[in-house]
Amino acid sequence: MFLGATVVMAFAALLDTAAGSGVDDVSEETLTTMALVVGGWGLVIVLFAVISTMTLSVRQRAGEMALLKSIGATPFQVGRMIVGEAAAVAVVAAALAILPAAGAGRLLLEMLQNTDQVAEGISYGFGAAALSIGLGVTFLAAVGGAIVTARRSTRLRAKEAMTAVTIEQARMTRKRAVAAIAFLAIGLNCAILTVTLFDDKGIDAMQTAGQASIWFSIGLALFAPVLVRAVTAVLAGPLRLLGGTSGYLAVENVRRRTQHMAGALMPIILFTGIATGTLYMQSIENAAPPAAGSSIPADEAQAIETLNFVVVGMLSVFAAILVINTLVAATTYRRREFGQQRLAGSTPPQVLSMVGMEGVVLAAAGVLFGSIGSIVTVFPYSLARTGELLPDTTIGIYLGIVSTAAVLTLASCLGAARKAIRVPAVQAVAV
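Since the model is a prediction, treat every value here as computed from it, not as a measurement.

Cut-off values and rules
- Each chain has its residues counted from 1, running along the sequence as written.
- For this predicted model, a pLDDT threshold of at least 70 governs which residues receive local features, and a threshold of 80 or more governs which side-chain atom pairs are given and counted, while totals over whole chains, interfaces and linings are taken from all residues.
- Calculation of side-chain values draws on the structure's entire complement of heavy atoms; hydrogens and water are dropped beforehand.
- To qualify as a helix, a DSSP run of H or I must reach at least 4 residues; to qualify as a strand, a run of E must reach at least 2; elements of each kind are numbered from the N terminus.
- Note on classification: 1.4 Å probe, protein chains only; a residue is buried when its accessible area is under 20% of the maximum for its type, exposed when over 50%, partly exposed between these limits.
- Contact definition: two residues touch when any of their heavy atoms are within 4.5 Å.
- The method behind every accessible area is Shrake-Rupley, applied with a 1.4 Å probe, and residues are considered shielded solely by the protein chains displayed.
- The term nonpolar core refers to a set of buried residues drawn from Ala, Val, Leu, Ile, Met, Phe, Trp, Tyr and Cys, joined through side-chain atoms within 4.5 Å.
- For salt bridges, the criterion is a side-chain nitrogen of Lys or Arg within 4 Å of an Asp or Glu carboxyl oxygen.
- By convention, a stacked pair of Phe, Tyr or Trp rings (six-membered ring in the case of Trp) has centres within 6.5 Å and planes under 30 degrees apart, an edge-to-face pair has planes over 60 apart, and any other such pair is tilted.

Participant: Explain the overall build of the protein to me, using residue names and the numbers behind them.
Facilitator: Helices and strands together make up the secondary structure of the protein, namely 15 helices and 0 strands. For the protein, the proportion of its 431 residues judged to be buried stands at 50%. Taking the intrachain contacts of the protein between residues at least 6 apart in sequence as the baseline, contacts between residues at least 24 apart amount to 85%. Counting every atom, the protein has about 19400 Å² of accessible surface; 67% of that belongs to carbon and sulfur.

As structure tokens, this is what we get:
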């Protein structure tokens, strides 16, 4: 929540800057566009991230929720507790984000001024817009995410809740499936509009192409429980063959903990899909000749390029940090499980090998479906700008993104697991 509040507040500060005295029309338009476009997508990702994180947190506390219900707590009381905790954390996170956001907003203004997109004499403003939007968005996202997450916990009876602690539901809810299909449809619609409506329109095609991979990646991320099971089924044989006992345990853990693994998979898909789609779109544009039919003047190309890099940078950094937080939280929570395995005879290297293979499954699934998510931006934009389906650009961009996603995933899993097994096995089981 802290990072989300910082991002939203920093870009909202550009609205305060645009409303200041002595701001010319061109600078005002640039500042407002940057704030609304990047801040708007930041809001979408923040809400998505909060719901994902809250879902993982509540699922990890299933035993506590079951115990509360078994001693007489009502569904309303449990739900109020979850929402109240989220609201308190949101307020603290937003308050702590004020100073970093003020500094980040100033750096954004300096970047725009250094690239001659905003006049040098404009003074930085951080006031009502930044505070109200930052605080309001963070609070509403946290409370909204907590309400969505709490509904499933409050619906279960005490006996069902106790059972759910040990038996994880693998099926997706109907509402989640419908939402996923809706996001996929929006992404496909943007891709179709790019090829049809914006064919030979030059840089104008970015209006729809840029959104396509974001919406489509969100849709794929919502299908994470289904996707992680599919990838596990494909990799089960090789993992068992190459990993022996550790490979067998890794496969069984992923299958048994589908929802936990799905929560970690979602940000990997978002990171890979959004970064690949946006960076390749800009690479295609840089290599393509100017289009006579474009309604955007040539002198605005640099502003759009900067906007794209800021968008992909902000969303990618946010998704990357979400990957780390989610995987570290999910792995650290398994300290007791690791202790039980060690008492049963597993060595620390075997535990780390098992966790590493689970990370391989997540990285493979995230890269695969994130890459699919990026296609709805890359291929349509390449067709609209060059008439060719496959863009004539370097593969280095893709390799860099894939490598980053894989390293983040494996480093987060193994780093948290290594820290967890430092605790003596008997002490870990007793916790």
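Participant: Describe the nonpolar core, naming the residues involved and giving the relevant values.
Facilitator: Counting residues in hydrophobic clusters, the biggest one holds 60 residues, and the most contacted among them are Leu220, Leu227, Leu265, Phe338, Leu362 and Phe369. Elements supplying a minimum of two residues to this core: helix H7 (174-196), helix H8 (206-222), helix H9 (224-256), helix H10 (258-287), helix H11 (301-332), helix H13 (348-386) and helix H14 (396-420). Membership of the second largest hydrophobic core comes to 27 residues, among which are Val7, Ala35, Leu112 and Met314.

Participant: Describe the environment of glycine 145, naming the residues involved and giving the relevant values.
Facilitator: Looking at the element boundaries, glycine 145 is found in helix H5 (residues 128-155). Given a relative accessible area of 0%, glycine 145 falls into the buried group. Sequence spacing of glycine 145 and alanine 86 is 59 residues, and the spatial spacing of their C-alpha atoms is 8.5 Å.

Participant: Would you mind going over the pattern of salt bridges in detail, with residue names and values included?
Facilitator: Taken as a whole, this structure holds 6 salt bridges when the rule is applied. Of the charged contacts in the structure, one is a salt bridge between arginine 257 and glutamate 337, with a shortest N-O distance of 3.7 Å. With a gap of 80 residues between them, arginine 257 in the loop between H9 and H10 and glutamate 337 in helix H12 (residues 335-343) connect regions that are remote in the sequence. Across the pair, glutamate 337 and arginine 257 agree in class, each one buried. Via salt bridges that share partners, Arg257, Arg334, Glu337 and Glu358 belong to a single interconnected network.

Participant: Account for the packing of aromatic side chains, naming residues and giving values.
Facilitator: Taken as a whole, this structure holds 1 aromatic pair when the rule is applied. Seen from their ring centres, phenylalanine 183 and tryptophan 215 are 5.7 Å apart, and the 10 degrees between their planes marks the pair as stacked. Taken together, the positions of phenylalanine 183 in helix H7 and tryptophan 215 in helix H8 put the pair 32 residues apart, joining distant regions of the chain. Tryptophan 215 sits in the buried class, given a relative accessible area of 17%.

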